[in-house]
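Coordinate inspection notes
One-letter residues, chain by chain:
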Amino acid sequence: MSSEPESRPADWEADKYSRTATPQREWSEAVLGRLVLNGDETVVDAGCGSGNVTEDLLAKLPNGRVIGIDGSPSMVEEATSRLGDDPRTSFQCQDLTGLELEEQVDAIFSNATFHWIGDHEKLFGSLAAATRPGGQLVAQCGGRGNVAEVTAALAVVNAEQPFAGVFGEFEEPWNFAGPEETEIRLVAAGYEDVECWLEERVAHPEDPRGFFEASFLAPAREVLDDEQFTAYADRLMAELGEPTTFNYVRLNMTAKRKYENE
Ligand SMILES: C[S@@+](CC[C@H](N)C(=O)[O-])C[C@H]1O[C@@H](n2cnc3c(N)ncnc32)[C@H](O)[C@@H]1O
């Protein structure tokens, strides 16, 4: 499991994620509702994944455009095959911490992604540079205290054989930041009117095991073969008591890109 999530975005099981990520899509409705849009803007979906939420964003932009960015080739492929025929879309495989666009965009939207990125200073600097002065940032990701039961179970199982040999010393793959440090980082990156807050949510996925594997175990998928992966997922689900729900804490952020001379 990568201890440096910012070094190279992991490849994801795009199809499985698409089928199981219904809680993330449900929660994203309120986040999308915070974007102030006329319908003709160009908006980046930062960490667009398989395009589930990109589709909802696109519906708000009848005369605009969405640039979907994701670091996972499988996700970009899936999003492109779903929505790529629409001339209002384009998808690119890029690391968000070094985002390069041909033009500055009106807004950056992101759902369920920033906690996969270790260096939030670098991330926010990259997003600010890609946004026009006065443009918006509206995002939600895992925040301080998110999925505490899952991180505790990972710490136990990753210290056990045979997994300890694969993962070494356990380090959480996520960056669950709090609102206070996030506000400071956003202001330092060149944003103003910054508001960040935490919100508790409970996920009731239809397929808890599939959801667990596709959401939490994406980095493990990269380092384990099929047999090891199944044993690992079995052991974790047992450690968690075969859960049907998962407790989340979401970090919300809204901000405006500062004008240079302010
Ligand atoms: C949980 S998925 C969220 C997908 C989508 N936004 C949604 O709400 O369903 C997180 C996504 O972030 C992407 N990601 C993680 N780190 C990244 C990085 N540094 N650069 C670009 N994408 C990244 C992953 O590849 C994955 O598709």
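Computed from a predicted structure; not experimentally measured.

1. What to know about the packing of helix α6 (residues 148–158) against helix α11 (residues 226–239)
- One way to put it is that α6 packs onto α11 with a least axis distance of 9 Å and a crossing angle of 125°. Taken together, the axes of α6 and α11 lie oblique to each other. When you trace α6 past α11, the crossing you get is right-handed. Where α6 abuts α11, its residues Ala 153, Leu 154, Val 156, Val 157 and Asn 158 lie against Tyr 232, Arg 235, Leu 236 and Glu 239.

2. Focus: the sheet that holds strand β3 (residues 89–93)
- The seven strands are arranged β3-β2-β1-β4-β5-β7-β6 in an open sheet whose pairing can be described as mixed. Every other strand in the sheet has two partners, leaving β3 and β6 (191–203) as the edge strands with one partner each. Strand-to-strand twist in this sheet, taken as the mean axis angle between neighbours without regard to direction, amounts to 15°.
- In terms of strand pairing, strand β1 (residues 42–46) meets strand β4 (residues 105–111) through three bridges, oriented parallel. Pairing of Asp 45 across the sheet is with Phe 109, part of β4.
- Packed onto the sheet, helix α8 (residues 179–189) meets β5 (131–142), β6 and β7 (246–257) and runs at close to 145° relative to β6.

3. Considerations on the pattern of salt bridges
- One pass over the full model with this rule turns up 16 salt bridges.
- A salt bridge links Glu 121 to Arg 185, with the shortest nitrogen-to-oxygen separation between them at 3.3 Å. With a gap of 64 residues between them, Glu 121 in helix α5 (residues 120–129) and Arg 185 in helix α8 connect regions that are remote in the sequence.
- A relative accessible area of 22% places Arg 185 in the partly exposed class.
- For Lys 256, the salt bridge goes to Glu 192, with nearest N and O atoms at 3.9 Å.

4. A look at the packing of helix α2 (residues 22–32) against helix α3 (residues 52–59)
- One way to put it is that α2 packs onto α3 with a least axis distance of 10 Å and a crossing angle of 30°. The hand of the α2/α3 crossing is right-handed. Residues Arg 25, Ser 28 and Leu 32 of α2 form the contact with α3, whose own contacting residues are Asn 52, Val 53, Glu 55, Asp 56 and Leu 57.
- Across the contact of α2 with α3, the residue classes break down as three nonpolar, two polar and three charged.

Definitions and cut-offs
Residues numbered from 1 in each chain as written. Predicted model: local features only at pLDDT ≥ 70, side-chain atom pairs only at ≥ 80, totals over all residues. Heavy atoms only, no water. Axes fitted to C-alpha atoms, helices over the stretch in contact; angles between N-to-C directions. Helix = DSSP H or I, 4+ residues; strand = E, 2+ residues; numbered from the N terminus. Parallel < 35°, antiparallel > 145°, perpendicular 65-115°, else oblique. Left-handed = near helix turned anticlockwise from the far one by under 90°. Contact = heavy atoms within 4.5 Å. Pairing = 2+ DSSP bridges. Salt bridge = Lys/Arg side-chain N within 4 Å of Asp/Glu carboxyl O. Buried < 20%, exposed > 50% of the residue type's maximum accessible area, 1.4 Å probe, protein only. Nonpolar A, V, L, I, M, F, W, Y, C, P; charged D, E, K, R; others polar.

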